[in-house]
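# Geometric and topological summary
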Amino acid sequence: MKPGIHPAYGPVVFRDRAAGFAFLTRSTATSDKTVEWEDGNTYPVIDVEISSASHPFYTGTARVLDTAGRVERFERRYGKREAR
């Protein structure tokens, strides 16, 4: 890699305020806000709206769409397609 053209890559805390969940990882993202982590060190913190702790797919609260009911309602409203 060429020196001097890449952003700084270091430890950052990502915090999901809705779920009360935070994790420490490495990233090129930066922030002016800081937080004291469990190890006693201070790291930049980035607040996110959704993480694996609050996303419906990961938490198991995702809703399954009733696609069969939608198709039937469409066919009742507009009629079935004729086979070619």
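It should be emphasised that the depicted structure is a prediction, and the values quoted were computed from it without experimental measurement.

### Regarding the pairing of strand β4 (residues 42-48)
Taken together, the four bridges between strand β1 (residues 10-16) and β4 define a ladder with parallel strand orientation. Bridge assignment links Arg-15 to a residue of β4, and that residue is Asp-47. Sheet topology places strand β3 (residues 34-36) next to β4; three bridges connect them, and they run antiparallel. Its bridge partner lying in β4, Val-35 is registered against Tyr-43. Between the end of β3 and the start of β4, which pair antiparallel, lie five residues, with Gly-40 showing a positive phi angle near 90°.

### Some details on the sheet that holds strand β2 (residues 21-27)
Across the sheet, four strands lie side by side as β2-β1-β4-β3; this open sheet has mixed pairing. With one partner strand each, in any of the chains shown, β2 and β3 form the two edges of the open sheet. Averaged over all pairs of adjacent strands, the angle between strand axes in this sheet comes to 45°, irrespective of strand direction.

### Section: the pairing of β1
Of all the seven residues making up β1, five are buried; the element is thus mostly covered by neighbouring parts of the structure. When β1 meets β2, the two strands line up antiparallel, connected through seven bridges. Looking at β2, one finds that Pro-11 is bridged to Arg-26. Following β1, the chain reverses through four residues before pairing antiparallel with β2; Gly-20 in that reversal takes a positive phi of roughly 65°.

### Overview of a positive patch on the surface
Taken together, the side chains of Arg-70, Arg-73, Arg-76 and Arg-77 define a basic patch exposed on the protein surface. Along the chain, Arg-77 turns up in helix α2 (residues 67-78). For Arg-77, a relative accessible area of 57% corresponds to the exposed category.

### With respect to the packing of aromatic side chains
The tally for this structure, following the rule as stated, stands at three aromatic pairs. Considering the side-chain rings of Phe-14 and Phe-23, the 5.8 Å spacing of their centres and the 25° angle between planes classify their relative orientation as stacked. Taking the relative accessible area as the measure of exposure, Phe-23 reaches 33% and is therefore partly exposed. Plain terms: the ring middles of Phe-74 and Tyr-78 are 4.9 Å apart, the flat faces sit at 45° to each other, and that makes the pair tilted. In this pair, Phe-74 and Tyr-78 both sit in helix α2, four residues apart, roughly one turn of the helix. The same class applies to Phe-74 as to Tyr-78, namely exposed.

Rules and cut-offs
Residues numbered from 1 in each chain as written. Predicted model: local features only at pLDDT ≥ 70, side-chain atom pairs only at ≥ 80, totals over all residues. Heavy atoms only, no water. Pairing = 2+ DSSP bridges. Helix = DSSP H or I, 4+ residues; strand = E, 2+ residues; numbered from the N terminus. Axes fitted to C-alpha atoms, helices over the stretch in contact; angles between N-to-C directions. Buried < 20%, exposed > 50% of the residue type's maximum accessible area, 1.4 Å probe, protein only. Patch = residues over 30% accessible without salt bridge, like charges linked within 9 Å, V, L, I, M, F, W, Y side chains within 5 Å. Areas by Shrake-Rupley, 256 points an atom, 1.4 Å probe, with all protein chains shown as cover. Salt bridge = Lys/Arg side-chain N within 4 Å of Asp/Glu carboxyl O. Lys, Arg positive; Asp, Glu negative; His and termini not counted. Charge placed at Lys NZ, Arg CZ, Asp CG, Glu CD. Phe/Tyr/Trp six-rings, centres within 6.5 Å; stacked < 30°, edge-to-face > 60°.

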